[in-house]
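# Geometric and topological summary
Spelled out from the first residue to the last, the chains are:
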Amino acid sequence: MATVSRVKELYAGKAKSVYTTQDPNRLILHFRNDTSAFDGEKIEQLERKGMVNNRFNAFIMERLEAAGIPTQHDHLLSQEESVVKALDMIPVECVVRNIATGSLVKRLGVPDGMDLSPPTFEFFLKNDALHDPMINDYHILTFGWASGEEIETMKRLTFQVNGVLTALFRDAKMLLVDYKLEFGRYQGELVLGDEFTPDGCRLWDSDTRNKLDKDRFRQGLGGVVEAYEEVAHRLGVDLDSPL
Ligand code: CDP
């Protein structure tokens, strides 16, 4: 495998930075320890989080690839970095919810913790200044953020991820409550981008319903990285294995 290294910072997000490489088709994602909530109003450094999320994300992306879902993941580069395909990102977030909580409960007044059958799906626009407003298929078409075919593929792949990951987490005694995915285009194909980590999903212990995700940070419950490490441990992700 040709060596890839950072050439130039392309973008610094709230928890990850993205770098170009010598290869125009590859980028480096750096998972930082920064943890943010409420559109960046609350920011803290959490020791080990970058490493745990990088390892965890690689594990999940490899599982999804194995299940036939195209992802941007290429390989782990270092403890906190991964090499990914350079995607043309679609500026929408795809959220699937298996259990009602968070913004859904505030918006619709449904009971917190209610099982959702069938699971529900929502699109949000990626725009911090507007607080990521909820949008529908027509907004995406009208403003040209994605084509009708891409909208259908994003929905299909997001639900396919739900099938794979609810089973994976269920076997490890966790409930996948909800999660957010982002997609991009790569050589004519729609591909899963961004990340899948406890920063972008909700995971509850199956028995106690204890929170094992970023809600621990949002709600000031403490033990954030410890919870992420517990999730990784339960899934059999080896955080110390050689790269
Ligand atoms: O977290 P909050 O209550 O504001 O929003 P939500 O709509 O209930 O979030 C649904 C799921 O998407 C949760 O797992 C969030 O962690 C995730 N999400 C995210 O990763 N990034 C966002 N900008 C919004 C939601």
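Higher on the page you've got the structure.
As the structure is a computational prediction, the values presented were derived from the model and not from experiment.

## A look at the pattern of salt bridges
Tallied over the full model, the rule gives 25 salt bridges. R48 is the salt-bridge partner of E229, the closest N and O atoms lying 2.7 Å from each other. Linking E229 in helix α6 (residues 224-235) with R48 in the loop between β5 (42-45) and α1 (49-66), this pair joins segments that are 181 residues apart in sequence. Across the pair K180 and E182 runs a salt bridge whose closest N-O atoms are separated by 2.8 Å. Exposure remark for E182: the relative accessible area of 4% places this residue in the buried category. Residues participating in the shared-partner salt-bridge network are K16, E93, K126, K180, E182, D194 and E195.

## Focus: unusual backbone geometry
Cis peptide bonds are those with omega within 30 degrees of zero, and the linkage from S117 to P118 qualifies with 0°. By the element assignment, P118 lies in strand β10 (residues 115-125). A positive phi is found at K173, a non-glycine position, where the angle reads about 65°. Its identity is not glycine, yet D194 carries a phi of approximately 55°, on the positive side. Counting through the fold element by element, D194 comes out in the loop between β14 (189-192) and β15 (201-205).

## Focus on the sheet that holds strand β12 (residues 174-181)
Across the sheet, 5 strands lie side by side as β11-β10-β9-β12-β15; this open sheet has antiparallel pairing. In this open sheet, the two edge strands, each paired with only one partner strand, are β11 (134-135) and β15. Summarising the sheet, strand β9 (residues 92-99) and β12 pair through 4 bridges and their orientation is antiparallel. The partner of V95 across the bridge, within β12, is K180. Sheet strands touched by helix α4 (residues 148-171): β9, β10, β12 and β15. Its angle to β12, the strand with the most contacts, is close to 155°.

Parameters and conventions
- Residues numbered from 1 in each chain as written.
- Predicted model: local features only at pLDDT ≥ 70, side-chain atom pairs only at ≥ 80, totals over all residues.
- Heavy atoms only, no water.
- Salt bridge = Lys/Arg side-chain N within 4 Å of Asp/Glu carboxyl O.
- Helix = DSSP H or I, 4+ residues; strand = E, 2+ residues; numbered from the N terminus.
- Buried < 20%, exposed > 50% of the residue type's maximum accessible area, 1.4 Å probe, protein only.
- Pairing = 2+ DSSP bridges.
- Contact = heavy atoms within 4.5 Å.
- Axes fitted to C-alpha atoms, helices over the stretch in contact; angles between N-to-C directions.

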